[in-house]
Structures are given as C-alpha cells and as structure tokens.
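A structural walkthrough
Listed below are the residues making up each chain.
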Amino acid sequence: MAVILVCDEDAMVRNTIKVYATYNGHEIVEAEDGVKALSIIQNQPIDVVVTELSLNKLDGFSLIKEIRKKSKVPIIILSYLFEQSDKVLGFELGADDYITKPFFPNELMLRIKAILSRITGLKTTDVAHFEGLEIDYLARVVKVDGNVISLSPKEYDLLAYLSKNNKVAISRESLLISIWGYDYYGDDRTLDTHIKLLRKSLGKYSKSISTVRGVGYRFDG
C-alpha cells in the first residue's frame, strides 16, 4: 500500500482517483491547492504525489519546485496543460511522469505501480507467455511459437510496454513519451508505422495489439 497525495481543484478528479486507488489498496490524501499540498508533504509521509499544474495559491510548477528542495518523492503531473513547453518544464523541475487530461484512471494506477516498483526494486516477471507468444524482458528476446523473431529496438520497446500493461488502453501520447521520450518532436505517424511493423512481425499474434479508436492502442494477451 502507498500513501498518494492528490492535488487538484476538481473534487470529481480527486474522487475518481480515490476510488481507483482505494480499490488497488492505496490510501489517498487530498489537497485542493498547492499551499495545502505542500503543508501535507511537510507534515506526513507521502509515497507518490499526483498534481495538476493549474492550481490556486501555489501553482503546480512552483509546488514541484518547492517539493524538490526537500524531497525526492515521485511526482506525476496530471494536467489539462498539453503544450510541449509545459511538459518539458515539468520534467526539468523534477516530475517523474506527465499525463494529460482527460485520462484513464487505470493507466494512472499502472504508472503509479511502475514508479513504486522501481523505487522498491521489485522486478517485473522476467518472461511472459501469451499463448504462443513469449517475451523475455531481461534478454529482450521475443519468440513466436518457439521461434525467435527479429524486432527493431523501438518495436521491442512498444511490445514490452504494451504487454506489461496488458488489457489497458494506452494513449498515443503516453506511448510516444514513454518510448520516444518527452522531448520527441516527430510526426505521430511514426508510432503508427512502428505498430504496423510490429504487427507484421508478430504474425498470427498481431491480433494481440488492438487499436482503440480516438485513444491509442491496447495489448490483449
């Protein structure tokens, strides 16, 4: 269980995260502005901070800056601000992840899980099997019905990321940031091209990668 501080002026957003976080065994502490969030962090142990950038009294950027003066607590930005400059600044100030609204609560929970696993040193299962599709995450080897297939580094990264988030719809933006980096300025079609190549390499298991219209992609293993 982790103690998650959610800082957002929107009570509905805070409540939505609380419902999903509680279901996943976490405890939620709420703050409706940056000043209250900073006070909470200074007075009780917090494992993860999820914050909007547009806040009263103390904006999200300033909040992150103040937190980083005294703490290395993981920070996930969850904001309506979507400009590349906002994302770059957020990461430069010390944020660990950036998700734009509207968002998928399940994806947020997975991001939190990934961050907590990294901190505690927990390892993802070394080898995963999805019918005849085998993925060795440590060796970066993929087999189809026992035969090793050749994937480019980005194709493998996409497959690994999607399969580790099995059954969860991942937005195009999240995939681009996670695989190509938050400073990626290329064409969105790059993602589609790599997905197309990956599906071709997977052969009959190409069906494992579904297109979620208006969102992105999902791995159904």
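In this report, we go over the structure that sits alongside the text. The shown structure was predicted, so the numbers you read here are calculated from the model rather than taken from an experiment.

**As for the sheet that holds strand E6 (residues 127-130)**
Taken together, four strands build an open sheet; the order of strands is E6-E7-E8-E9 and the sheet is antiparallel. Only two strands of the sheet have a single partner each, and these edge strands are E6 and strand E9 (147-149). Neighbour-to-neighbour, the strand axes of the sheet open up by a mean angle of 25 degrees, direction not taken into account. In the sheet, strand E7 (residues 133-136) pairs with strand E8 (residues 141-144) via four bridges, with the strands oriented antiparallel. Paired with Glu134 across the two strands is Lys143, which belongs to E8. Docked against the sheet, helix H6 (residues 153-164) engages E6, E7 and E8, running at close to 100 degrees with respect to E7.

**Some details on the side chain of Glu52**
Topologically, Glu52 is positioned in the loop between strand E3 (48-51) and helix H3 (60-70). Here Ser79 takes part through its side chain, which lies 2.4 Å from a polar atom of the side chain of Glu52. The contacts of Glu52, once residues within four sequence positions are left out, are Cys7, Asp8, Gly60, Leu78, Ser79, Tyr80 and Lys101.

Definitions and limits used
Residues numbered from 1 in each chain as written. Predicted model: local features only at pLDDT ≥ 70, side-chain atom pairs only at ≥ 80, totals over all residues. Heavy atoms only, no water. Pairing = 2+ DSSP bridges. Helix = DSSP H or I, 4+ residues; strand = E, 2+ residues; numbered from the N terminus. Axes fitted to C-alpha atoms, helices over the stretch in contact; angles between N-to-C directions. Contact = heavy atoms within 4.5 Å. Polar contact = N/O pair within 3.5 Å; in protein donor to acceptor, adjacent residues only side chain to side chain.

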